[in-house]
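Coordinate inspection notes
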Amino acid sequence: MIRLNNIEVKFGDFTALHDINVHVKEGQFYTFLGPSGCGKTTTLRTITGFNAPSKGRVIVKDRDITDMPVEKRNIGMVFQNYALFPTMSVYENIAFGLRVQKIEKSDIDKRVREMAKKVELSDQQLMRKVAELSGGQQQRVAIARALVTNPAIICLDEPLSNLDAKLRVQLRNELKEMQNNFGITTVYVTHDQEEALTLSDCIAVFNNGFIEQIGAPNEIYNQSKTEFVCNFIGDINKLMPQMIGAIAQQSGRALDPNAATYIRLERLHVNYHGAHDVVTLPARILAREYYGLYIKYTLETSGQKVKAIEKNDGTTYFQVDENVTISMNPDDLMTY
């Protein structure tokens, strides 16, 4: 559906993107993930035509659109600040692109009302000024405006970043449901790891203008290819040489104590007794954080602090200063 072949983007002497290669399949929810300034928005703007690459080609449906004007690419765009017209009504905002295309008035009305219904905007809301709407409603207007022209692709640049945490989670779920219902190919930019993991079919992790890894969410999380990806995706423990040595001694594994070695919080278990292939080390509870669904413990073991997440079963609570054990499977270690 979308192919970025060897894309390089320069701004003066600064190279913002280095040799970017991406393949987005039709109907896929594809996310560009990374910290601020890493190149993910620049890549999105290269797809939509707002940035021109200094090298490489942009291919959509086997057609080279690298030099095609923005308005002819048939790509919907939702900006971070939504870029809506605040003094115009919701109806007029959604209808704007259709009027630019000189669609007949009766067809415009039909398509605007159908699209509004799909994104759960009422007839009353259609007549209100955009400035009168909540952030979540404005987001729906921006999505409706992007989709009403029947684009082949929709690109979204951090559309949830201006919302509060609760609304962000709610609209994240709605966004994925809408994408499934429309079946439209979606390219999404975010710096939020949880957002990327929950929404995406495929993730490209960006860092300093390069792509560090491309893969499904479980691959990115469980088989992080680089130390950057390992650290950026989710919370993680970095193990010190003393702890690595203790794991090697007990497991019989040949582990390099000086290597960068990590383990995810949920791969550590407090007072676990079971499988034969685990390493068990003495530990002491330093702190406890209660999150409802789970409890996060900070522990001291083998001369360092680590964190572990335990599912909240409603009965087991380890106390601060309690002596416990911490267990893990050496297969869950990530080493770089």
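Described below are features of the structure shown in this document. (Residues numbered from 1 in each chain as written. Predicted model: local features only at pLDDT ≥ 70, side-chain atom pairs only at ≥ 80, totals over all residues. Heavy atoms only, no water.)

Notes on empty space enclosed by the protein
The line we're drawing: Buriedness of a pocket was judged along seven lines, with at least five required to meet protein on both sides within 12 Å; pockets are open sets of points on a 1 Å grid over the protein atoms alone, cavities are sets where a 1.4 Å probe fits but cannot get out, and lining residues have an atom within 4 Å of a point. Grid points are joined across faces, edges and corners, and a volume is the space filled by probe spheres set on the points. Only runs of H or I of at least four residues qualify as helices and only runs of E of at least two qualify as strands under DSSP, and these elements are numbered from the N terminus. Three classes are used: nonpolar for Ala, Val, Leu, Ile, Met, Phe, Trp, Tyr, Cys and Pro, charged for Asp, Glu, Lys and Arg, and polar for all others, with Gly counted as polar.
Inspection of every chain in the model, using the stated rule, returns one cavity of 30 Å³ or more. Approximately 80 Å³ is the volume found for the largest cavity. Surrounding the largest cavity, F29, I143, L147, I154, L156, L175, M178, Q179, F182, I184 and T186 form its lining. Taken together, the elements giving at least two residues each to the lining of the largest cavity come down to α5 (135–147), β7 (153–157) and α6 (165–182). Considering each element in turn, the lining of the largest cavity owes the most residues, four residues, to α6. Looking at the lining of the largest cavity, its residues break down into nine nonpolar, two polar and no charged.

Section: the pattern of salt bridges
Stated precisely, the cut-off is as follows: Any carboxyl oxygen of Asp or Glu that lies within 4 Å of a side-chain nitrogen of Lys or Arg is treated as forming a salt bridge with it. Note on exposure labels: buried denotes an accessible area under 20% of the residue type's maximum, exposed denotes more than 50%, and partly exposed covers the range between, all computed with a 1.4 Å probe on protein chains only.
Tallied over the full model, the rule gives 14 salt bridges. Of the charged contacts, one joins R57 and D67 as a salt bridge, the two residues approaching to 3.3 Å between their closest N and O atoms. With a gap of ten residues between them, R57 in strand β4 (residues 55–60) and D67 in the loop between β5 (63–64) and β6 (75–78) connect regions that are remote in the sequence. By relative accessible area, which is 68% here, D67 ends up exposed. With its nearest N and O atoms 3.0 Å apart, the salt bridge here joins E300 to R284. Here E300, found in strand β15 (residues 294–301), pairs with R284, found in strand β14 (residues 279–290); they are 16 residues apart in sequence, far enough to count as distant. Residue classification places E300 among the partly exposed residues on the basis of a relative accessible area of 36%. Owing to a relative accessible area of 29%, R284 belongs among the partly exposed residues under this scheme.

As for the pairing of β4
Put simply, the rule is: Strands qualify as paired when DSSP identifies two bridges or more between them.
Where strand β1 (residues 2–11) and β4 come together, five bridges link them in antiparallel fashion. By the bridge assignment, R3 is partnered in β4 with I59. Judged from the two bridges that link them, β4 and β5 form a sheet pairing that is antiparallel. By the bridge assignment, I59 is partnered in β5 with D64. If you look at the hairpin formed by β4 and β5, you'll find two residues sitting between the two strands, and K61 has a positive phi there, around 50°.

Regarding the side chain of K176
With respect to the helices and strands, the residue K176 is situated in helix α6. Given a relative accessible area of 16%, K176 falls into the buried group.

Topic: the environment of I153
Among the secondary structure elements, I153 is positioned in strand β7. In this structure, the C-alpha to C-alpha distance between I153 and R45, residues 108 residues apart in sequence, is 13 Å.

Quick look at the packing of α5 against α6
Our working rule: Here, axes are lines fitted to C-alpha atoms. For helices the fit covers the stretch in contact, and angles between N-to-C directions go from 0 to 180 degrees. Note on angle classes: values under 35 degrees are labelled roughly parallel, values over 145 roughly antiparallel, values of 65 to 115 roughly perpendicular, and the remainder oblique. Note on convention: near helix rotated counterclockwise from far helix by under a right angle means a left-handed crossing. Clockwise means right-handed. What makes two residues a contact is simply this: any of their non-hydrogen atoms within 4.5 Å.
Their axes nearest at 11 Å, the elements α5 and α6 cross at an angle of 20°. By the angle between their directions, the pair α5 and α6 is classed as roughly parallel. For the crossing formed where α5 meets α6, the hand is right-handed. Along its contact with α5, which presents G136, Q139, R140, I143 and L147, the element α6 presents L167, Q170, L171, E174, L175, M178 and F182. Split by residue class, the contact of α5 with α6 holds seven nonpolar, three polar and two charged.

Things to note about the sheet that holds strand β3 (residues 29–33)
Hydrogen bonding along the main chain pairs the strands of a sheet, whether they run parallel or antiparallel. If you trace the six strands from one edge of the open sheet to the other, you get β6-β7-β8-β3-β9-β10, paired in mixed fashion. In this open sheet, the two strands that pair with only one neighbour each are β6 and β10 (210–215). Each strand of the sheet is rotated relative to its neighbour by a mean of 15°, with strand direction disregarded. Of the strand pairs in this sheet, β6 and β7 are connected by four bridges, and their pairing is parallel. Pairing of G76 across the sheet is with I154, part of β7. Across the sheet, α5 lies against β6 and β7, angled at about 165° from β6, the strand it touches most.

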